[in-house]
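Residue-level structural notes
Each chain is listed here by its residues.
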Amino acid sequence: MTAHLTRWQGWLLATLLVGCQSAQQTTPDQAKQQPAAQPKPDPTLDSVLDATPPAGPGAGSVSLVTLGQAVAAVWIEPAGDSANRVVTASWTPQGWTHKATVIEGPQVASSWADHPDIATDGAGRRVVSWLQADPGDPGATQVAVSRESKDGWVNLGVAHADQTPVEHGFAALGSTSKGVVLTFLDGRQTPQGGPMQLRSTILADTLGPDLLVDPMVCDCCRVDAVGSTLVYRDRTDDDVRDIVVRSVLRDGAHTTTFHDGWVAKGCPVNGPAIDSAINGNVDSIYVAWYTEAPQPMVQVAVSVDGAATFGEPIRLDGGKPQGRVDIAALDHGFVLTWVSEDQLHLRRGFADNKLGVDITVGPITHSFPSIARYKDGVLLAWQQPGDPAILTARYFPLNQLDGKADISAKTALAKTDAGPVMGPPFPSEYAPRDLQERPAPLAQWAGQPVLINLWATWCPPCMQELPELHAVNQAWSKLGLKMISIAQQDQVPKIRAVANKQDMSWVLLQDSSQATWDALGLNMLPTTLVYGRDGTLLYLHIGPIEASDADLMTALHTAVAD
């Protein structure tokens, strides 16, 4: 990692160097739009303002971006009959504009971890990236792009030339003078056992060719961008997953790697975030991420020279974080949001060696919050638990976040907490749902040798290991092994389609919350556990299994022989 500044020198310099946030153009259509309801109070009041967007029931996967004098929001909401719609609206001093549908239909894929994104091009037109179901394969996805026009939204097609039926997704948009930079995960090498790649393309008048940015990255982690500067979770052959900041489309650009040394055999599904504040030609860039090395924590690093160098990372969580971070840059500091024990948190970082009070906003579903700067405050949006879940937002004036904690950053950095629970007993009290949405208590299989596999159709390593699971089931089910696959944050039609194609002839369950991970104390995909008849854990493997693995074979022999 390049770090020529101390962690607080960066903030102190930011006090002198950073100006107001970059202003981007708004479209004529935006200026003509009328608010969806009566004007709300000017959100400069000395109180937290309810800013719930005009979203339908079950909406989620929200992204917020500051565009000019408004915050643009884009989200996914159900449209009935297995269809979804991509929706956008803007938060202004008069409240929310009428929401506009970007696209609607069964081709719009919904993923709890993969959100649409929004930016503006050089002509001030809004551009939205969204996840599209691959018509040729139920387990594959594509990155689609739509652009605003005077007649509505125009679908520009798929962002990548590759048509391999694999995962393409986790796209991030950045506005530059050359057009919108679109960066995404590309799985074209995965059918041959190759790694997930990171690729970029640029949208000017048309979509350009996609270019390789990094040949090996994390399979299911968010990518984020500000302008042409990207942040993502890297991956090595040894499954070390560090954070990389890299600029594209810029001469003499620098690459910074934050070497946490986090070794994760499965995908953490927990990507980093980036934002910037700009004064003239000087960029202060703020990067936030979650790591479990040496223990679970949320960190922030600051650059005051356009990502050429960064100060040392500082820790901001108060303990036991789950990650899922986002960050909003201010004139002097930032506001960070993250999730800890199913609660949403908000905290301000100042330029005087202080952190704001750790504010618990409220409960959150197993989803990702989003935050954006708006005037003298921040807008925070998240999916609140409910039946159905509700897309919620609040506006926080900065003076409501001024209270400073009694701890310094050095103290915060020194905090530790226990890592994830390993070796959980058989979760007899846990009841996921079957594919008919009926409760399926795991207690019905207590006293049997059981293999539990946590997976998802949107997780490339999970899809790669399905033939291995099939081989295990073929060899061991006749000896009494009960195999149970529990899909995490997935859609039943996709589960059924993959199960039919892959001949998944064992018990298939699903979990649309985070109850499985809570019950097992685990949060990576794929994960496989083998239990003996007495409920003792005999085998725990994070990452794709091999049916011939010696440790797995030993555990299975022990399980069926008891």
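This text gives an overview of the structure that appears in the document. Here the structure is a predicted model, which means the values were calculated and not measured. (Residues numbered from 1 in each chain as written. Predicted model: local features only at pLDDT ≥ 70, side-chain atom pairs only at ≥ 80, totals over all residues. Heavy atoms only, no water.)

**Examining the layout of surface pockets**
Here is the rule we go by: Using a 1 Å grid laid over the protein atoms alone, points where a 1.4 Å probe fits but cannot get out form a cavity; open sets with protein on both sides within 12 Å along at least 5 of 7 lines form a pocket; any residue with an atom within 4 Å of a point counts as lining. Grid points are joined across faces, edges and corners, and a volume is the space filled by probe spheres set on the points. By definition, any uninterrupted DSSP run of H or I lasting at least four residues is a helix, any uninterrupted run of E lasting at least two residues is a strand, and each is numbered from the N terminus. Under this grouping Gly is polar, as are all residues other than the nonpolar Ala, Val, Leu, Ile, Met, Phe, Trp, Tyr, Cys and Pro and the charged Asp, Glu, Lys and Arg.
There is about 1,300 Å³ of room inside the largest pocket. In terms of lining residues, the largest pocket is bounded by 45 residues, among which Gly 58, Ser 110, Asp 490, Gln 491 and Ser 512 are the most central. Of all the secondary structure elements, the ones that give two or more residues to the lining of the largest pocket are strand S2 (60–67), strand S3 (70–80), strand S4 (83–92) and helix H6 (492–502). Class assignment for the residues of the lining of the largest pocket results in 17 nonpolar, 20 polar and eight charged.

**A word on empty space enclosed by the protein**
As enumerated under the stated definition, the model contains three cavities of 30 Å³ or more in all. Within this model, the largest cavity holds a volume of roughly 60 Å³. Along its surface, the largest cavity is lined by Ala 109, Ser 110, Ser 111, Leu 131, Thr 141, Trp 458, Gln 489, Asp 490, Gln 491 and Lys 494. Here the lining of the largest cavity is composed, by residue class, of three nonpolar, five polar and two charged. Looking at the second largest cavity, its volume works out to about 40 Å³. What lines the second largest cavity is simply Asp 114, His 115, Pro 116, Ser 129, Trp 130, Leu 131, Val 143, Gly 169, Phe 170 and Ala 171.

**Focus: the pairing of strand S9 (residues 141–149)**
How we decide: Three labels apply to residues, based on accessible area from a 1.4 Å probe with only protein chains included: buried if under 20% of the type maximum, exposed if over 50%, partly exposed otherwise in between. Two strands qualify as a pair provided DSSP detects at least 2 bridges between them.
The buried count for S9 comes to eight of nine residues, which makes it a mostly enclosed element. Here strand S8 (residues 126–133) pairs with S9 via seven bridges, running antiparallel. Looking at S9, one finds that Val 127 is bridged to Arg 147. Examined bridge by bridge, S9 and strand S10 (residues 152–158) share six bridges and lie antiparallel to one another. Opposite Ser 146, over in S10, you have Asn 155 as the bridge partner. In textbook terms, the turn of a hairpin is the stretch between consecutive antiparallel strands, and for S9 and S10 this stretch comprises two residues.

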